[in-house]
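Residue-level listing of the chains:
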Amino acid sequence: MRRSAGAVLKDRNAGLYLSAAAGLAVFAAAAALRALPHDAVALACSATIGLGLPCVLIAAMTAVQRETPAASVGRTAATANTMLFVPNAVALALGAGLVAVADVRVLLVAVGGAGAGAALLLATVRAAVPTPSLPETEAPPRTPHSS
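Each value, and the rule that gives it
- For every chain, the first residue of the written sequence is number 1, and numbering continues from 1 onward in sequence order.
- Note on the predicted model: pLDDT of at least 70 is required for a residue's local features to be given, and 80 or more for side-chain atom pairs to be given and counted; whole-chain, interface and lining totals, by contrast, use all residues.
- Side-chain measures here rest on the full set of heavy atoms in the structure, leaving out hydrogens and waters.
- Numbering of helices and strands runs from the N terminus; a helix is a DSSP stretch of H or I covering at least four residues, while a strand is a stretch of E covering at least two.
- With a 1.4 Å probe rolled over the protein chains alone, any residue whose accessible area is under 20% of its type maximum counts as buried; one over 50% counts as exposed, and the rest are partly exposed.
- The contact rule is simple, with two residues in contact once any of their heavy atoms fall within 4.5 Å.
- For helices, the fitted axis covers only the stretch in contact; all axes are lines through C-alpha atoms, and the angles between them, taken along N-to-C directions, range from 0 to 180 degrees.
- Relative orientations are named as follows: roughly parallel for angles under 35 degrees, roughly antiparallel for angles over 145 degrees, roughly perpendicular for angles from 65 to 115 degrees, and oblique for any other angle.
- Crossing handedness follows the turn of the near helix against the far one: under a right angle anticlockwise gives a left-handed crossing, and clockwise gives a right-handed one.
- Residues are sorted three ways: Asp, Glu, Lys and Arg are charged, Ala, Val, Leu, Ile, Met, Phe, Trp, Tyr, Cys and Pro are nonpolar, and all the rest, Gly among them, are polar.
- The patches reported here contain residues having more than 30% relative accessible area and no salt bridge. Joining distances are 9 Å for like charges and 5 Å for nonpolar side chains (Val, Leu, Ile, Met, Phe, Trp, Tyr).
- Areas reported here follow the Shrake-Rupley algorithm with a probe of radius 1.4 Å; residue values treat only the protein chains shown as occluding.
- The salt bridge definition used is simple: a Lys or Arg side-chain nitrogen within 4 Å of an Asp or Glu carboxyl oxygen.
- Note on terminology: a nonpolar core comprises buried Ala, Val, Leu, Ile, Met, Phe, Trp, Tyr and Cys residues joined through side-chain atoms within 4.5 Å.
- Any helix carries an expected span of 1.5 Å times its number of residues minus one.
- What the arc describes is the spread of directions from the helix axis to the C-beta atoms.

1. Thoughts on the environment of Leu-33
Phase 1: Along the chain, Leu-33 turns up in helix H2 (residues 14–33).
Phase 2: The partly exposed category is assigned to Leu-33, whose relative accessible area is 45%.
Phase 3: Note: C-alpha distance between Leu-33 and Cys-45 (12 residues apart in sequence) is 6.8 Å.
Phase 4: In this structure, Leu-33 is in contact with Val-41 and Cys-45, ignoring residues within four places of it in sequence.

The following block contains the structure:
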């Protein structure tokens, strides 16, 4: 089911999902093009990857801050950071192992394809997922520390 532009604009989280999908698509395209055997292309693609991935991270952390009750933002943000960055360490180790047994160009194209698929999924499935409304809570009152 397609959504009208007005419906997308009314959904305050639609921009986050679209921004994350766009950043992921930019990353995917640059990763796949990085397989080309030209130094200038590799440099440009590396810079482009550096532009695409922050869009995904900013969208994810903004969603955490928007959707989390004020009293638990700190704990939730810490957990979200772990969920975002631990897979990166695992992927680095896995990639280092894969480079030993597979051609790096094949791996780059595979990463690009997987990223493009994830971007497409994020951009299209979001329309079918309702945004939960969380109750607004206030942060606990601050108490002065006695010294």
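On we go from here.
2. Comments concerning the packing of helix H3 (residues 39–67) against helix H4 (residues 73–101)
Phase 1: Where H3 meets H4, the closest approach of the two axes is 10 Å, and the angle between their N-to-C directions is 155°. Between H3 and H4, the crossing angle belongs to the class labelled roughly antiparallel. Considering only the axes of H3 and H4, their crossing is right-handed. Taken together, the residues of H4 that come into contact with H3 (itself represented by Leu-57, Ala-60, Met-61 and Val-64) are Thr-76, Ala-77, Ala-80, Asn-81, Leu-84 and Phe-85.
Phase 2: Partitioning the contact of H3 with H4 into residue classes produces 8 nonpolar, 2 polar and no charged.

3. Examining the packing of H2 against helix H5 (residues 104–125)
Phase 1: Running from amino to carboxyl end, H2 crosses H5 at an angle of 165°, the nearest separation of the two axes being 8 Å. When the axes of H2 and H5 are compared, the pair comes out roughly antiparallel. In this structure, the crossing between H2 and H5 has a hand that is left-handed. Packed against H2, whose contacting residues are Tyr-17, Ala-20, Ala-21, Leu-24, Ala-25, Phe-27, Ala-28, Ala-31 and Ala-32, the element H5 presents Leu-108, Val-109, Val-111, Gly-112, Gly-115, Ala-116, Ala-118, Ala-119, Leu-122 and Ala-123 at the interface.
Phase 2: Looking at side-chain class alone, the contact of H2 with H5 contains 17 nonpolar, 2 polar and no charged residues.

4. Section: a nonpolar patch on the surface
Phase 1: Nonpolar side chains collect at one region of the surface, where Leu-94, Leu-98 and Val-101 lie side by side and expose about 300 Å² of accessible area between them.
Phase 2: If you trace the backbone, Val-101 turns up in helix H4.
Phase 3: A relative accessible area of 70% places Val-101 in the exposed class.

5. What about the nonpolar core?
Phase 1: Leu-24, Phe-27, Ala-30, Ala-31, Cys-45, Ile-49 and Ala-119 together form the largest nonpolar core, which totals 7 residues.
Phase 2: Of all the elements in the fold, those that place two or more residues in this core are H2 and H3.
Phase 3: Aside from chain neighbours lying at most four places away, what touches Ile-49 is Phe-27, Ala-30, Ala-31 and Pro-54.

6. Here we look at H5
Phase 1: Compared with the 32 Å implied by 1.5 Å per residue over 22 residues, the 31 Å span of H5 between its first and last C-alpha is a close match.
Phase 2: Taken as a whole, H5 has its buried residues at Gly-112, Gly-115 and Ala-119. The buried residues of H5 all sit within an arc of 70° when viewed along its axis, so they share a single face. Exposed residues on H5 whose side chains face more than 90 degrees from its buried face are Val-106, Ala-114, Leu-120 and Leu-121.
Phase 3: The inward-facing, buried residues of H5 contact H2.

7. Observations concerning H3
Phase 1: With 29 residues, H3 extends 43 Å from end C-alpha to end C-alpha; this agrees with the ideal 42 Å at 1.5 Å per step.
Phase 2: Residues of H3 that are buried in the fold lie against H2 and H4.

8. Section: the pattern of salt bridges
Phase 1: Taken as a whole, this structure holds 1 salt bridge when the rule is applied.
Phase 2: Among the ionic pairs, Arg-105 bridges to Asp-103, the shortest N-O distance being 2.9 Å.
Phase 3: Given the relative accessible area of 45%, Arg-105 is considered partly exposed.
Phase 4: For Asp-103, a relative accessible area of 33% translates into the label partly exposed.

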